[in-house]
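Below, each chain spelled out in residue letters.
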Amino acid sequence: MDTQFLEIDDNNFEEATALAAKLLKNGKVIGMPTETVYGLAASAYNEQAVREIFKVKGRPQDNPIIVHISDMIMLREVVADIPPEAVALAKAFWPGPLTMIFKKSEAINDTVTCKMDTVAVRMPSHPVAKRIIEKCALPIAAPSANLSSKPSPTTAKHVLDDLHGKIPLIIDAGTCEFGVESTVISLVESVPTIFRPGIITLEQIREVVPNATLAKAVLTELGKDEKAVSPGMKYKHYSPSADVTIVKGSLKKFAEYAEKNASGNTYAMCFDGENEMISIPSVSYGHIDRPDEQAKKLFTVLRMLDKAGATTVFARCPKKDGVSLAVLNRLIRAAGFKVVEL
C-alpha cells in the first residue's frame, strides 16, 4: 500500500480534511493529528475498519479504543446516559484532552469497547481532528498511531516511521501541543475515577467534581485477571527497545548508580542542566520543574534512544503531582514497572 504523507496548512486545510473524511467514510484507516498525540483513526460505526486498527497496530484484543466526537449531539448517539458530572466536566474541559467513560449505546460495536458495556469518549480541540470529524458526521475510533507498546507519536514523521505502507494517508500538522494522551475519567464507578492521568490534572478535575479519585492502577500494574477499562492500563506501553529503569534519588546518587550499572549501549534520561554530572551518554527530557515540557518531549526522547541503539536506559524520576503524574504514569509503563529507590 502506498501511504500519502500530506502536510496541511491554511491553503489546503479544507481539501485535506475532506480527503481524510472521505477515506474514513469509505472504511479506511488514517493517521491524523490531535492536540495530545497522533491518532490512528477509523469510523467508530464500521466494525471492519475498527478491526483494521487492531491489525495495523498489533493491538491486544482486550485494549479498548477511545471514540472521538465533534459535538454534544454526537455524544448522545454513542452513550446510553449522560450523568450530571459529565455535563459539568464537558463545560469545563471540552473540546480538549479529557476522555470520559460512559455506559455505551447500541450504536457502538463490541470491537471498539472490547465487549465491555462502557465506552470512552472525548472531543478533541485540534482544528484538524475537529474538522475531519465534522465532515465525516461520524464518531471516530482512534488510539495512538504507533505500533502497539511503542512510544506514542507526537509528530507525523513518527507515524510514518511506524506505519508506512500500512495505511493510505497520514496528515502532518506539526508537533502535537501536549505530547501525552488524554486524561481518562470513568463516570460509571460509584466515585468518579481517573484511570489515566494527563494534562488535565486531578486537581483541576476536583474543582468541578470534588469527589474524583485516582485509580490504584495509575502507578501500579493491573492484576492478571483485572480488566483494562481504559486504554493504556494493562500492558507495557510507550517503551523503546531498550531496557528502561526508573531511578529515584538525588542526582548524585543517580549518576553513581547509572555509571556502576552501565552495560552495553547505556543512556541516562535526565533533566535540563544535569548532563555534566553524568558520565555516561545522557539526554534531557525537560526541566525538572516543567512537567508540561517533560510531557511534550518524553515520547520523542524515547524514540531518539531507539535510533541511538540504546540497550539500557536509566531514567530520572519525575514528581508525582499535577502534570508530573501523567509523565510518571507513561514512564513507569515504558519501564515495565521497574523502579529502583536509592
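This is a predicted model, so every value here is computed, not measured. (Residues numbered from 1 in each chain as written. Predicted model: local features only at pLDDT ≥ 70, side-chain atom pairs only at ≥ 80, totals over all residues. Heavy atoms only, no water.)

**Student:** Can you tell me about the overall build of the protein, naming the residues and giving the values?
**Tutor:** Within the protein one finds 11 helices and 16 strands. Computed over the C-alpha atoms, the radius of gyration of the protein is 20 Å, within 12% of the 20 Å expected from 2.2 N^0.38 for a compact globule of 342 residues. Structurally, the protein occupies a C-alpha span of about 55 × 50 × 40 Å along its principal axes. For the protein, the proportion of its 342 residues judged to be buried stands at 57%. Long-range contacts, defined here as pairs at least 24 residues apart, represent 68% of the contacts in the protein between residues at least 6 apart. A total of about 14,000 Å² of accessible surface is found on the protein, and carbon and sulfur atoms cover 50% of it. (Helix = DSSP H or I, 4+ residues; strand = E, 2+ residues; numbered from the N terminus. Rg over C-alpha atoms; globule rule 2.2 N^0.38 Å. Buried < 20%, exposed > 50% of the residue type's maximum accessible area, 1.4 Å probe, protein only. Contact = heavy atoms within 4.5 Å. Areas by Shrake-Rupley, 256 points an atom, 1.4 Å probe, with all protein chains shown as cover.)

**Student:** Can you break down the packing of aromatic side chains residue by residue, with the values?
**Tutor:** Taken as a whole and judged by the stated rule, the model has two aromatic pairs. Geometrically, the ring pair formed by Tyr257 and Phe314 is edge-to-face, given 5.5 Å between the ring centres and 85 degrees between the ring planes. Separated by 57 residues along the polypeptide, Tyr257 in helix 9 (residues 251-261) and Phe314 in strand 15 (residues 312-316) bring together distant segments of the chain. Accessibility expressed as a relative area gives 5% for Phe314, which makes it buried. Centre to centre, the rings of Phe271 and Tyr285 are 5.1 Å apart; their planes meet at 40 degrees, and the pair counts as tilted. One end of the pair, Phe271, is in the loop between strand 13 (266-270) and strand 14 (282-284); the other, Tyr285, is in the loop between strand 14 and helix 10 (291-307), with 14 residues separating them in the sequence. (Phe/Tyr/Trp six-rings, centres within 6.5 Å; stacked < 30°, edge-to-face > 60°.)

**Student:** Can you lay out the pattern of salt bridges for me, pointing to particular residues and giving the numbers?
**Tutor:** What the rule picks out here adds up to 17 salt bridges. For Arg122, the salt bridge is made with Glu35, and the minimal N-O distance between the two is 2.7 Å. Here the residue Arg122 occupies a position in strand 6 (residues 118-122), and Glu35 occupies one in the loop between strand 2 (30-32) and strand 3 (39-43), the gap between them amounting to 87 residues. In terms of burial, Arg122 and Glu35 fall into one category: buried. Here Lys103 makes a salt bridge to Asp117, at a shortest N to O gap of 2.9 Å. Placement of Lys103 in strand 5 (residues 98-103) and of Asp117 in the loop between helix 5 (110-113) and strand 6 is noted, with a sequence separation of 14 residues between them. Given the relative accessible area of 39%, Lys103 is considered partly exposed. Linked by salt bridges that have partners in common, Glu14, Lys130, Arg131, Glu134 and Lys135 make up one network. (Salt bridge = Lys/Arg side-chain N within 4 Å of Asp/Glu carboxyl O.)

**Student:** Provide a residue-level description of the pairing of strand 3, including the pertinent values.
**Tutor:** In terms of residue burial, strand 3 counts as a mostly covered element, since five of its five residues are buried. Strand direction decides the pairing type here: strand 2 and strand 3, joined by three bridges, are antiparallel. Of the residues in strand 3, the one forming a bridge with Ile30 is Ala41. Taken together, strand 2 and the strand that follows it, strand 3, pair antiparallel across an intervening segment of six residues. Where strand 3 meets strand 7 (residues 140-141), two bridges bridge the pair, whose relative direction is antiparallel. (Pairing = 2+ DSSP bridges.)

**Student:** Describe the pairing of strand 13, and please don't skip the residues or the numbers.
**Tutor:** In terms of burial, strand 13 is a largely internal element, five of the five residues being buried. Alternating residues of strand 13 divide into Thr266, Ala268 and Cys270 and Tyr267 and Met269, and every residue in both groups is buried. Pairing of strand 13 with strand 15, which is carried by four bridges, proceeds in the parallel orientation. Looking across to strand 15, one finds that Ala268 is bridged to Phe314. The pairing of strand 13 with strand 14 spans three bridges and is classified as parallel. For Met269, the partnering residue across the bridge sits in strand 14 and is Val283.

**Student:** So, the layout of surface pockets: which residues are in play, and what are the values?
**Tutor:** Within this model, the largest pocket holds a volume of roughly 160 Å³. Lining the largest pocket are Lys150, Pro151, His158, Asp161, Asp162, Arg303, Asp306 and Lys307. Secondary-structure elements contributing two or more residues to the lining of the largest pocket are helix 7 (156-163) and helix 10. Classifying every residue of the lining of the largest pocket gives one nonpolar, one polar and six charged. (1 Å grid on protein atoms, 1.4 Å probe; cavity = no way out; pocket = protein on both sides within 12 Å on 5 of 7 lines; lining within 4 Å. Points joined across faces, edges and corners; volume = space filled by probe spheres on them. Nonpolar A, V, L, I, M, F, W, Y, C, P; charged D, E, K, R; others polar.)

**Student:** Describe in detail the packing of helix 7 against helix 10, supporting the description with residues and values.
**Tutor:** Where helix 7 contacts helix 10, the axes come no closer than 12 Å and their chain directions differ by 45 degrees. Here helix 7 lies oblique to helix 10, going by the angle between them. Judged by the twist between their axes, the crossing of helix 7 over helix 10 is left-handed. Facing Lys157, His158, Asp161 and Asp162 of helix 7, the residues of helix 10 in contact are Thr300, Arg303 and Lys307. (Axes fitted to C-alpha atoms, helices over the stretch in contact; angles between N-to-C directions. Parallel < 35°, antiparallel > 145°, perpendicular 65-115°, else oblique. Left-handed = near helix turned anticlockwise from the far one by under 90°.)

Note that every value here comes from positions in space, so none of it alone points to a role or purpose.
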